[in-house]
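# Survey of secondary and tertiary structure
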Amino acid sequence: MGLPQAVETAELKRRVEPPPPSSDPICVQATAPGAAAIATFVLDGKGALAAFTPLWKGQQAPEASQAGRLLHGQLVDAGGKLVDEVVAAPLGEKESETGFEQLELSCHGGLGTCAAVRETLVAAGFRHAPAHELSARAHRAGKLGLIELETRLRLPAAATPRQAELLLARGEFQARWERLGMEASLGMRRREIDWREPLHAAALLDYERSEPGRKLLATHRVLLAGPVNAGKSTLSNRLLGAEASLVGDEPGTTRDRLERPAATRGLALNLIDAAGLRAPSEDLEREGQRRALEAAAEADLVLIVIDGSRAPAEAECAALEPLAARPRLLVLNKLDLGTHAEAEGLAFALGAETCRVCARDGRGLDELELAIERALLGVEGFEAGGPFTPRQARALEALKWGLEQGLDGVELIGHIRNLVGTRPNEEELAAVFREWARNDA
Ligand SMILES: Nc1nc2c(ncn2[C@@H]2O[C@H](COP(=O)(O)OP(=O)(O)OP(=O)(O)O)[C@@H](O)[C@H]2O)c(=O)[nH]1
Ligand SMILES: [Mg+2]
């Protein structure tokens, strides 16, 4: 479900710029609001531990000397009243990622308790800040590289295990480019040239992986469209693994546009079932079809579903024409009833790859899912361990281009440095936030 427009715009504006450099004590709620056993706040900033001390009642004081320990105690307000029973894990400036004192505070997770804890912290001088402010501070402290930062911004939104796997493989990606950067530096110092070719091959390979990597992290709109009674809703239910849409023998069962989140081969989908296309019998059906065609115009992929067991009528073929302009797959359904040559022939007219399925018993579904993956990622057998943001792709492209143009080693190493981003870099940091806020990955 989307945010209301005004909130969404405000949220976008807030996120699009990295938080300005700061060192004041902040409190960040690291866990999502809701009914939960535990919630975690992170307190961070110059003097954070001293600012927290008056709120603490427990055997050991949460000081930097207690770094790495979990301290059980009570959080109290300025009047000494109990706010919650908590566990505190302090870190000193040396141990923390931001270079400031830090304290991880776990409390009970209910909405009411969290509100009370937050109010108490704010009253004690902690500024309530978004979680990404901690990451920006860590980067500016030189303790968080940009690939890691990009990973952290995206991991909370990972919708499938495969998305999480791609993000978690960032260590492999980063280590590869750190090694290549080191080899290039050494080679340059020794005035050798044999490092340029393997570097170009690596840049090319990873650049080509960047597009599927970004697409794997996206949510794709996939519409099931086609004539009435073709089995669109049956297939939609099968892809969802749930009886979500009504299925009926009478043509024209589905009227509304039904959008649901789904996962296919680890890709996050927004699966859309809609009204079948035919000469509409009344206004409601006409509106349903208008919405189906509107969804087609916005879809990343249209599954054109037809009854493959019979010859398609001329009017049915004509109704499919607007779909031929979209990225598409032709799905010949009702495989259990046979396959008609004229139905197969539609693949030529529509210029679409064909899959044969029986939505009723699930036959052919694996092949269809593979075809969906191929169509959405643009490759087959994509593996984690490579780039996944436009910024990374741009850095790789610049490096590749630089090698092709014979740029000197210093400039090339600059591109590798930008890619890995272990040194604080405000320009690159801004690019990271811009892309994340716009959901460009
Ligand atoms: N034999 C056979 N029947 C199927 C198959 N898939 C769906 N059906 C039947 O076809 C009829 C229509 O199925 P739906 O899924 O409602 O078709 P639809 O394309 O959503 O239809 P509308 O919503 O009316 O546009 C139902 O009776 C289904 O049981 C299949 O693979 N084989
Ligand atoms: Mg239907």
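All residue numbers refer to position in the chain's written sequence, counted from 1. Chain labels run from A onward and ligand labels from 1 onward, assigned in the order the entries are written. Two thresholds apply to this predicted model, a pLDDT of at least 70 for residue-level local features and 80 or more for giving and counting side-chain atom pairs, whereas whole-chain, interface and lining totals are computed over all residues. The basis for the side-chain values is all heavy atoms of the structure; hydrogens and waters are excluded.

Right, let's get into the packing of helix α14 (residues 390-404) against helix α15 (residues 409-420). Orientation is described by axes fitted as lines to C-alpha atoms, over the contacting stretch for helices, and by angles from 0 to 180 degrees between their N-to-C directions. The way it works is that DSSP assigns letters per residue, a run of H or I at least four long becomes a helix, a run of E at least two long becomes a strand, and they are numbered from the N terminus. Interaxial distance between α14 and α15 falls to 9 Å at its minimum, and their mutual angle equals 170°. Compared by their axis directions, α14 and α15 come out roughly antiparallel. On α15, the residues that touch Arg391, Gln392, Ala395, Leu396, Ala398, Leu399, Gly402 and Leu403 of α14 are Leu412, His415, Ile416, Asn418 and Leu419. In the contact of α14 with α15, the residues fall into eight nonpolar, four polar and one charged. Roughly parallel refers to an angle under 35 degrees, roughly antiparallel to one over 145, roughly perpendicular to one between 65 and 115, and oblique to any angle outside these ranges. When checking whether two residues touch, look at their non-hydrogen atoms; a contact exists if any pair is within 4.5 Å. Three categories are distinguished: nonpolar for Ala, Val, Leu, Ile, Met, Phe, Trp, Tyr, Cys and Pro, charged for Asp, Glu, Lys and Arg, and polar for the others, with Gly belonging to the last.

A few words now on the site of ligand 1. Here a residue is near a molecule or strand as soon as one of its heavy atoms is found within 4 Å of it. Residues in contact with ligand 1 amount to 23 residues; listed here are only the nearest, Lys232, Thr234, Asp249, Gly252 and Thr253. Within 3.5 Å is the distance limit for a polar contact, defined as a pair of N or O atoms, with the added protein rule that one can donate a hydrogen and the other accept it, and that residues adjacent in sequence qualify only through two side-chain atoms. Asp249 places a polar side-chain atom, nitrogen or oxygen, 2.6 Å from an oxygen atom of ligand 1. Between Ala359 and ligand 1, the recorded distance is 3.1 Å, taken from a backbone N or O atom to an oxygen atom. Only protein atoms enter the 1 Å grid used here, on which a cavity is any set of points holding a 1.4 Å probe that cannot leave and a pocket is any open set flanked by protein within 12 Å on both sides along at least five of seven lines; residues with an atom within 4 Å of a point are listed as lining. By definition, a pocket or cavity contains a molecule when more than half of the molecule's atoms lie within 2 Å of the pocket's grid points. Of all the cavities here, the one that holds ligand 1 is the second largest pocket. When residues in the shell around ligand 1 are grouped by element, the largest group, three residues, is from helix α9 (residues 232-240).

Taken together, the seven strands give an open sheet; going across it, the order is β3-β4-β5-β6-β2-β1-β7, and neighbouring strands pair in mixed fashion. Each edge of the open sheet is held by one strand with a lone partner, namely β3 (56-58) and β7 (127-128). Where strand β1 (residues 26-29) lies against strand β2 (residues 38-44), four bridges are found, and the strand directions are antiparallel. Residue pairing across strands places Ile26 opposite Asp44, the latter belonging to β2. Together, β1, β2, β4 (71-76), β5 (82-91), β6 (102-108) and β7 form the strand contacts of helix α3 (residues 111-123), whose direction differs from that of β2 by roughly 15°. Packing of helix α4 (residues 132-140) onto the sheet brings it into contact with β1, β2, β6 and β7, and relative to β1 it is tilted by some 125°. When DSSP finds two or more bridges between a pair of strands, those strands are recorded as paired.

A few words on the coordination of the magnesium ion (ligand 2). Metal-coordinating donors are taken as N, O and S atoms lying within 2.8 Å of the metal, or within 3.2 Å when the metal is Na, K or Ca; because water is left out, some sites can appear incomplete. Bound to the magnesium ion (ligand 2) on the protein side are Ser233 (OG) and Thr254 (OG1), at distances that span 2.0 to 2.1 Å. Residue Ser233 is found in helix α9, and its partner Thr254 is found in the loop between α9 and β9 (258-264); the two are separated by 21 residues along the sequence. Throughout this description, buried means an accessible area under 20% of the type-specific maximum (1.4 Å probe, protein chains only), exposed means over 50%, and partly exposed covers the range between. According to the relative accessible area criterion, Ser233 is buried, its value standing at 8%. Exposure remark for Thr254: the relative accessible area of 14% places this residue in the buried category.

For the rest of this paragraph, the subject is helix α7 (residues 170-189). The span you would expect from a helix comes to 1.5 Å times its residue count less one. The first and last C-alpha atoms of α7 sit 29 Å apart over 20 residues, in line with the 28 Å expected at 1.5 Å per residue. Buried within α7 are the following residues: Arg170, Phe173, Gln174, Arg176, Trp177, Leu180, Gly181, Ala184, Ser185 and Gly187. All buried residues of α7 project into a common sector of 165° when viewed along the axis, lining one side. Exposed side of α7, more than 90 degrees from the buried face: Met182 and Arg189 are the residues found there. Among the structural elements, α5 (146-154), α6 (161-168), α8 (196-217), α14 and α15 are those in contact with the buried residues of α7. Backbone geometry just after α7 places Arg191 at a positive phi near 60°. Think of the arc as the fan of directions from the helix axis to the C-beta atoms.

The next point concerns the domain arrangement of the protein. For the protein, the assigned domains are domain 1 (22-140), domain 2 (146-215 + 389-437) and domain 3 (220-377). Of all residues in domain 1, His132, His139 and Arg140 bury the most surface against domain 2, accounting for 69% of the area lost on that side. Throughout this description, the term salt bridge denotes a Lys or Arg side-chain nitrogen within 4 Å of a carboxyl oxygen of Asp or Glu. Run the count over domain 1 and domain 2 and you get two salt bridges. Between Glu97 and Arg152 there is a salt bridge; the shortest N-O distance is 2.7 Å. A per-class count over the side of domain 1 that touches domain 2 returns one nonpolar, three polar and two charged. Domain delimitation follows an automatic or database domain assignment. Here the quantity called buried area is the total loss of accessible area, with a 1.4 Å probe, experienced by two parts when brought into contact, counted for both.

Tracing the backbone through its elements, the reader meets Leu153 in helix α5. When the C-alpha atoms of Leu153 and Ala131 are compared, they prove to be 9.0 Å apart, with 22 residues separating the residues in sequence. Apart from residues lying up to four places away in sequence, Leu153 is in contact with His132, Val432, Phe433 and Trp436.

The tendency in soluble globular proteins is for nonpolar side chains to be buried as a group. Only buried residues count toward a nonpolar core, which is a set of Ala, Val, Leu, Ile, Met, Phe, Trp, Tyr and Cys residues joined through side-chain atoms within 4.5 Å. Counting residues in each nonpolar core, the largest one holds 48 residues, and the members touching the most others are Trp177, Leu199, Leu235, Leu303, Leu368, Ile372 and Leu399. The dominant element in this core, judged by the number of residues it contributes, is helix α13 (residues 365-377), at six residues. Apart from residues lying up to four places away in sequence, Leu303 is in contact with Val222, Leu223, Leu224, Ala225, Leu239, Leu329, Val331 and Ile372. Counting residues in each nonpolar core, the second largest holds 22 residues, with Ile306, Ala319, Leu332 and Ala347 among its members.

Turning our attention to the pairing of β1. Both faces of β1 are covered, namely the face carrying Ile26 and Val28 and the face carrying Cys27 and Gln29. With two bridges connecting them, β1 and β7 associate as parallel partners. Bridge assignment links Cys27 to a residue of β7, and that residue is His128.

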